[in-house]
Every structure is written in C-alpha cells, then in structure tokens.
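# Observations on the model geometry
The residues making up each chain are set out below.
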Amino acid sequence: MLPSQSIVEPIPHLNKAQNLALKSLMIMGYLEGTSFLLLLGIAMPLKYMMGIPEAVTYVGMAHGMLFVAYIVVLIATAMRIKMPIWAIPAGVIGSFLPFGPFIFDYVLKKHLKQARV
C-alpha cells in the first residue's frame, strides 16, 4: 500500500460522517503543523537573522488562525467520533510541538483502526 493511500483510507467501522470529520481533522492538522514549521523554520530566522520582521507578522497570524481552527475541529471531531480519553489532550499538546499534529494524526488513526467500536 502506498503511503498516500493510507492517508485518505476510511476507517471501516466509522460511518461516512465520522470519516469526513476525521479527514477534516487530518487536513486541519497538516495545515496547522505546516504553518508552525514555516513559522519556526523560515519566518523566525528571517526576522532574527536577516532583520525581516514582516515574515513573522504574516506567517504568525496565519498560524494563529489555523491553530484556533485546529482546536475547534479537534473538539468537533471528538464529539462525532468516540475518541479515547487521551486524544483531545494529546491533540492540543501535539499542536504546540514541531511535527506534533502529524504524529498525533498517525497515532490516532492507528488506534481507531485497531479499536472496533
């Protein structure tokens, strides 16, 4: 199986609405995680090493909006899908760490595929 197929592969025991909510969480997590990496890896070095503060202004604002949207989608998905008790705190903590949303997505999907509700 190709890695790209596992990203969009629906979880069999979840209904269509639950799989759509999980896909929305995945997309929002990828956007939020990417914006955080852009902020840390490109915008902040531009500001502090090259004296270009505008990069942090724009990327930081976009990251802030994506962060809030990610938390909202995380809570909405948790209400639609019977998530384990650790999922919401892990998703929030993961959003504060570089690569955290990507790791959270992988672990959550692995757990949901193993769990038969």
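Everything numeric here is computed off the predicted structure, so don't read it as measured data. (Residues numbered from 1 in each chain as written. Predicted model: local features only at pLDDT ≥ 70, side-chain atom pairs only at ≥ 80, totals over all residues. Heavy atoms only, no water.)

## Topic: the overall build of the protein
- Across its full length, the protein carries five helices and zero strands.
- From first element to last, N terminus to C terminus, the protein shows the α and β order α-α-α-α-α.
- Across its three principal directions, the C-alpha atoms of the protein cover 55 × 30 × 20 Å.
- Counting the 117 residues in the protein, one finds 32% classified as buried.
- Considering only contacts in the protein between residues 6 or more positions apart, those separated by 24 or more positions represent 67%.
- Accessible surface computed for the protein: about 7,300 Å², of which carbon and sulfur atoms make up 74%.
- With 9 positive and 4 negative side-chain charges, the protein shows a separation of 13 Å between the mean positions of the two kinds. (Helix = DSSP H or I, 4+ residues; strand = E, 2+ residues; numbered from the N terminus. Buried < 20%, exposed > 50% of the residue type's maximum accessible area, 1.4 Å probe, protein only. Contact = heavy atoms within 4.5 Å. Areas by Shrake-Rupley, 256 points an atom, 1.4 Å probe, with all protein chains shown as cover. Lys, Arg positive; Asp, Glu negative; His and termini not counted. Charge placed at Lys NZ, Arg CZ, Asp CG, Glu CD.)

## Let's talk about unusual backbone geometry
- Positioned with a positive phi, Phe99 is a non-glycine residue whose angle comes to about 70°.
- Tracing the chain through its elements places Phe99 in the loop between α4 (87-94) and α5 (100-114).

## Some points on empty space enclosed by the protein
- This structure, assessed with the given rule, holds one cavity of 30 Å³ or more.
- Every residue lining the largest cavity is listed: Leu25, Met26, Gly29, Tyr70, Pro101, Phe104, Asp105 and Leu108.
- Of all the secondary structure elements, the ones that give two or more residues to the lining of the largest cavity are α2 (16-50) and α5.
- Considering each element in turn, the lining of the largest cavity owes the most residues, four residues, to α5. (1 Å grid on protein atoms, 1.4 Å probe; cavity = no way out; pocket = protein on both sides within 12 Å on 5 of 7 lines; lining within 4 Å. Points joined across faces, edges and corners; volume = space filled by probe spheres on them.)

## Some words on the confidence of the model for the protein
- For the protein, the average pLDDT comes to 89, and 91% of its residues sit at 70 or higher.
- Note that pLDDT drops below 50 for residues 1-5; the model gives that stretch two contacts with residues more than four away or on any other chain. (pLDDT = per-residue confidence, 0-100.)

## Let's talk about α4
- Regarding α4, the residues found buried are Ala87, Gly91 and Gly94. An end-on view of α4 places all buried positions within 70° of arc, on one side of the element.
- Contacts made by the buried residues of α4 are with α3 (54-80) and α5. (Arc of directions from axis to C-beta.)

## With respect to the packing of α4 against α5
- As a packed pair, α4 and α5 sit with axes 8 Å apart at the nearest point and diverge in direction by 155°. The orientation of α4 relative to α5 falls into the category roughly antiparallel. For the pair α4 and α5, contact is made by Ala87, Ala90, Gly91 and Gly94 and by Gly100, Pro101, Phe104 and Leu108, respectively.
- Residue composition of the contact of α4 with α5, by class: five nonpolar, three polar and no charged. (Axes fitted to C-alpha atoms, helices over the stretch in contact; angles between N-to-C directions. Parallel < 35°, antiparallel > 145°, perpendicular 65-115°, else oblique. Nonpolar A, V, L, I, M, F, W, Y, C, P; charged D, E, K, R; others polar.)

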